[in-house]
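Chain by chain, the residues run as shown.
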Protein chains: 2
Amino acid sequence: MYRPATADQLLALEVCAGIGELARSERFAAADAEMVTAIVEGIGAFSAGEWAPLNRIGDLEGARLENGVVRLPEGFAEAYAHYVDQGWNAIAAPAEWGGQGLPFALGCNVLENLGSANFAFNLLPMLTTGAIDALEQHGSEAQRALYLPKMISGEWSGTMNLTEPQAGSDLGALRSAATPIESGDHAGKYRISGTKIFITWGDHELAENIVHLVLARLPDSPEGSRGISLFVVPKYLVNADGSVGPRNDLRCVSVEHKLGIHASPTCVMSYGDNGECIGELVGAPNRGLMAMFTMMNNARINVGNQGVQIGERATQAALAYARDRIQSVRAGSPDRKPVAIIEHPDVRRMLVRMKALTEGARALLYYTAGQVDRGTLGDTEAAARGECLVPMLKAWGTDIGVEVASLGVQVHGGMGFIEETGAAQHYRDARIAPIYEGTNGIQAADLVTRKLGLEDGASLDALLGDISRDAGEETGLVRLAEECRSIADWMRGEATLDDRLAGSVPFTTMCAVAVAGWQLLRQRRAIEQGTSPSLAASKQVSVRYFLDHIVSETMGLAAGARGGSTLLYELSNEALCA
Amino acid sequence: MYRPATADQLLALEVCAGIGELARSERFAAADAEMVTAIVEGIGAFSAGEWAPLNRIGDLEGARLENGVVRLPEGFAEAYAHYVDQGWNAIAAPAEWGGQGLPFALGCNVLENLGSANFAFNLLPMLTTGAIDALEQHGSEAQRALYLPKMISGEWSGTMNLTEPQAGSDLGALRSAATPIESGDHAGKYRISGTKIFITWGDHELAENIVHLVLARLPDSPEGSRGISLFVVPKYLVNADGSVGPRNDLRCVSVEHKLGIHASPTCVMSYGDNGECIGELVGAPNRGLMAMFTMMNNARINVGNQGVQIGERATQAALAYARDRIQSVRAGSPDRKPVAIIEHPDVRRMLVRMKALTEGARALLYYTAGQVDRGTLGDTEAAARGECLVPMLKAWGTDIGVEVASLGVQVHGGMGFIEETGAAQHYRDARIAPIYEGTNGIQAADLVTRKLGLEDGASLDALLGDISRDAGEETGLVRLAEECRSIADWMRGEATLDDRLAGSVPFTTMCAVAVAGWQLLRQRRAIEQGTSPSLAASKQVSVRYFLDHIVSETMGLAAGARGGSTLLYELSNEALCA
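- Chain A carries the name Acyl-CoA dehydrogenase in an unreviewed UniProt entry, which gives Tsuneonella deserti as its organism.
- Reading the Sequence similarities (unreviewed entry) entry of the UniProt record for chain A gives the comment "Belongs to the acyl-CoA dehydrogenase family."
- Chain A has a UniProt comment under Cofactor (unreviewed entry) that states "FAD".

So, in structure tokens, the structure goes:
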């Protein structure tokens, strides 16, 4: 039985996001302790009660394209309607358009709970959130007024249409086109045409309308990434009064067969098959990629969050199984009675490890979210720190999601490999997160190129310096943070760009573990000062495990981080493939 | 397009298994260089040509129970018949019963090629091999004469029936029963009754008969593992002349829905529903578990082999994709032309890592197999070393199988998550190997209990000592081997049993990496002396990567290996689950 991780979430919100401090600002004044507790408990109960029971049927039946309509299994429509009715979609959305205007960190908590309950279903609000961000930041006043209220309520959902078959990580290669409409009803708008792939929740019947944000090229636009514009292309055209009008010329032509997240329709979308797909330009021409980047930070945090989500769910399932499953006498025990497998040292090691990794990723998640919120309040240093943290959270958070889900399978033994048990679904679902929203390799590249040099390197350096200074007695953690600094120095100095990229993934893991370990340490100290006594005993164990085991292991990555690129290119492509 | 890894297999057979030296013995004299090459090339071509094309359909359609009959997809029956006709099943089987009597290491090569081509299908011959071993070592002369020739040819297949719902890792808990038959046609035999689960290839129509080896209890047998006997229970009773007689009272009642290996029917088997299931005792009463243990070493090697198999297949798929997929300009390149992703440093890092891990596991596989063959020739020291190596190979080999398959998904990016691409199937298939034939936790427990103390500790110590001495200039490898020795000393000394078990999995990985690194080093030296010039350049790179990166990372596990168990038990079960 899945239960929301309310106590640990509240601790992370308090200590790592610093929600109390945020609530002292005018903007976030509503986020007082009572409100925070009400939200965390409320969304936890809602998710566990209404969305979690749909997780398995979502996996089994999945989303299906039937006669041009994308169908979800029984129960999804109702569960989404309840989510909208109860106002959960609006928590962190701007108050100006009907949102609650609460901190981003609380929005993360909503998604964490939804995603732990139902990983695939959570992608629906998650994508809508991204589309809201993009429209809020780049849409005209009219566009915002037309779209945001219904998207914020959740009555309408949103999507991001970036990828094309030849344009994945390299969006500059995209070919979808937008042609200005000179006259008629839609004068000033654009005819959109092209095919987009990997469109998450690209079509479905759960929302009244779907607001597609589509990257496309204007006629005579420059080649590559400087010639891409952003368009809003609703499934149903929207009348001036905000009501839903006629169907737009776009459709889902196929739903992918995927390893996991079966309940999330991953669509191939076709725009303008009949030459009548109408879209509006969002922001300035040829600035579409810029618009995407401004919302990408938060979107990547939301994906890193998914590692926490699946980690929590998989850990709970493994704990429950290990406590019930009786097998074998405890080694060395004079008592010949078989025990629950939770008693066996190696099973216990796996469980403690799962807990420590999940709590570490959660600590990093809320620390990152808190920096974003500080940035919103005008703290530019926090904003820059947040930008450094994003690739760490996205990459490491999703990596540990996969590791924890895999450990979950292992704890279940043979039963873990049987689909009915559920552990296998977590293992399959978790695997998408290191891939989408920029592969973890892209995240690591972001860290060792853009983020490494942010504020002339001061941002990352200050973060690592804070850890070194603050970790004090935890010498392993201090050593890790110092090693990260030293590698960062080397990367900024003698290392070539190839060297940096070759070491980028291990370096990203090292930095992420350093920050997560630090935030866990801060949680432990807070508990020692009386916060969250309910977690006191268990947090001691997970923090100790993290600092002694995870941090030590991670030090072993240093050779890879500073190993350089020469070896990788010693062989020709042909020889490597021979 | 999958191609067998013939050159690297021949190198590993020569350098790590020492097949040339084995061929100097009378027993293995037939295994001369020409024969070895013929077998490795032959089974490679057969597997790639006939079994590999069935890998995807096997996954898609899987094995199905239809009206009491287990059906495999189109093509499997024919491909199995060809395998039997060409004599591949008999390579390493005893000459006395129609086998070729060649070294076990060559039998491993047959399975490696079959399993790389079709991971799930390979379980059919793999299980038959285990049943042959058990009957050969423990069956009566009459039983061997009746069953072995047809099992060795492959006309009949074999299964192992150990697990029951309440008896997984703890076989002592099993309840299936065997009642002596006092009179009538079957006097002297036994009536078998009980339900067995997780029976790999438990039923199918590819072989004329299926020889089930079943663990069950005799009346009044002692409780626990000392009261278990082994029985041979054929699907069709066998007439005295060896022809197939009437159907025995046993059946497959269900086929599991699994994460992977869909083409391998994992059966729930019911014995004696009508009280007429006839079996014969194999070996002495109450010695069934002992009989299992004697064949288990080889069975575990065969599972460790599966890590190599999936690693090879996933690596080839990733290399092919990375070479074809054009995406993004090479970072820092003045040329604005997008390149194949194999050019990007982090993709290249993943590919080199996949190659290094797979080749390292292969080196460990054939080194282990060679020790087993030396044991067969009467070298007791090699036999004991082989026993130390088995848990390392089984655990680490299958762990890297999962890691490499996961990296394979990552190299494919979004396409890796789409089932049609095939990378996802490898990721799903690979996940079973750390679980069955003794979970990797059980392997690690075996290493830190039984194997650690073998010959008073001299076996493991000599192995690690050989590495330290021989690795010479490779100081990282020497340090790792020395660290393993020091941990082994601690485990034999002040560490409690719980401490040993708590550190068992990281310790097992450390030992495995030390041995694999050493064997790779020996391969490199052999190449420098002129062996296998075709691999000269690429082996330099994979060995260097393994020694610099994998070995360094693995040193990071030392803290976990010697961390003790106290922390794991600080919380009560209730607190851990809270």
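Digging into unusual backbone geometry
All names here are of chain A.
Right, on to step 1. Positioned with a positive phi, D220 is a non-glycine residue whose angle comes to about 60°.
Right, on to step 2. On the secondary structure map, D220 appears in the loop between β6 (209–216) and β7 (229–234).
Right, on to step 3. Despite not being glycine, I261 shows a phi value in the positive range, around 35°.
Right, on to step 4. Summarising the element assignment, I261 is placed in the loop between β10 (250–255) and β11 (266–271).
Right, on to step 5. Residue I261 is classed as buried on the basis of its relative accessible area of 3%.

So, the nonpolar core
Right, on to step 1. Counting 398 residues, the largest nonpolar core has A:F507 and B:F507 as the members making the most contacts within it.
Right, on to step 2. Beyond its immediate chain neighbours, meaning those up to four positions away, B:F507 contacts B:L447, B:V448, B:L452, B:L460, B:C484, B:I487, B:A488, B:M491 and B:A561.

Here's the deal with the interface of chain B and chain A
Right, on to step 1. At the junction of the two partners, chain B supplies 86 residues and chain A supplies 86 residues.
Right, on to step 2. Each partner contributes to the roughly 7,600 Å² buried at the junction of chain B and chain A, and carbon and sulfur atoms together form 62% of this total.
Right, on to step 3. Summed over the shared surface of chain B and chain A, the number is four salt bridges.
Right, on to step 4. The closest approach of N and O atoms between A:D498 and B:R330, which form a salt bridge, is 2.6 Å.
Right, on to step 5. If you tally residues by element for the side of chain B that touches chain A, the top one is helix α18 (residues 536–555) of chain B, at nine residues.
Right, on to step 6. For the side of chain B that touches chain A, the per-class residue count stands at 39 nonpolar, 24 polar and 23 charged.

Describing the relation of the copies chain B and chain A
Think of it as a corkscrew move, a rotation about one axis and a shift along it, taking one chain copy to the other.
Right, on to step 1. Mapping chain B onto chain A calls for a screw motion: a turn of 180° about the axis and a shift of 0.0 Å along it, with 0.0 Å RMSD after fitting. Expressed as an axis order, the relation between the two copies is that of a two-fold axis. Taking C-alpha positions as the reference, the residue of chain B nearest the rotation axis is B:G556, at 2.2 Å.
Right, on to step 2. Most of the interface of chain B is mirrored in chain A: 100% of its interface residues are interface residues there too.

Things to note about the packing of aromatic side chains
Right, on to step 1. Summed over all chains, the structure comprises 24 aromatic pairs over all chains.
Right, on to step 2. Arranged with centres 5.5 Å apart and planes meeting at 75°, the rings of A:Y367 and A:W518 form a pair that is edge-to-face. Of this pair, A:Y367 sits in helix α10 (residues 345–376) while A:W518 sits in helix α17 (residues 504–528), and the two are 151 residues apart along the sequence.
Right, on to step 3. The class of A:Y367 is buried, set by a relative accessible area of 5%.
Right, on to step 4. The exposure class of A:W518 is buried, given its relative accessible area of 6%.
Right, on to step 5. The structure contains a cluster of three or more aromatic residues connected by ring pairs, namely A:F46, A:W51, A:F76, A:Y80, A:Y83, A:F121 and A:W201.
Right, on to step 6. The positively charged end of A:R431 is found above the aromatic ring belonging to B:Y427, 5.8 Å away from the centroid.

About the criteria used
Residues numbered from 1 in each chain as written. Chains lettered and ligands numbered in written order. Predicted model: local features only at pLDDT ≥ 70, side-chain atom pairs only at ≥ 80, totals over all residues. Heavy atoms only, no water. UniProt positions renumbered as here; feature names shortened; annotations may be inferred. Helix = DSSP H or I, 4+ residues; strand = E, 2+ residues; numbered from the N terminus. Buried < 20%, exposed > 50% of the residue type's maximum accessible area, 1.4 Å probe, protein only. Core = buried A, V, L, I, M, F, W, Y, C linked by side-chain atoms within 4.5 Å. Contact = heavy atoms within 4.5 Å. Buried area = accessible area lost by both parts, 1.4 Å probe. Salt bridge = Lys/Arg side-chain N within 4 Å of Asp/Glu carboxyl O. Nonpolar A, V, L, I, M, F, W, Y, C, P; charged D, E, K, R; others polar. Least-squares fit on C-alpha atoms with pLDDT ≥ 70 in both. Phe/Tyr/Trp six-rings, centres within 6.5 Å; stacked < 30°, edge-to-face > 60°. Lys NZ or Arg CZ within 6 Å of the ring centre and 35° of its normal.

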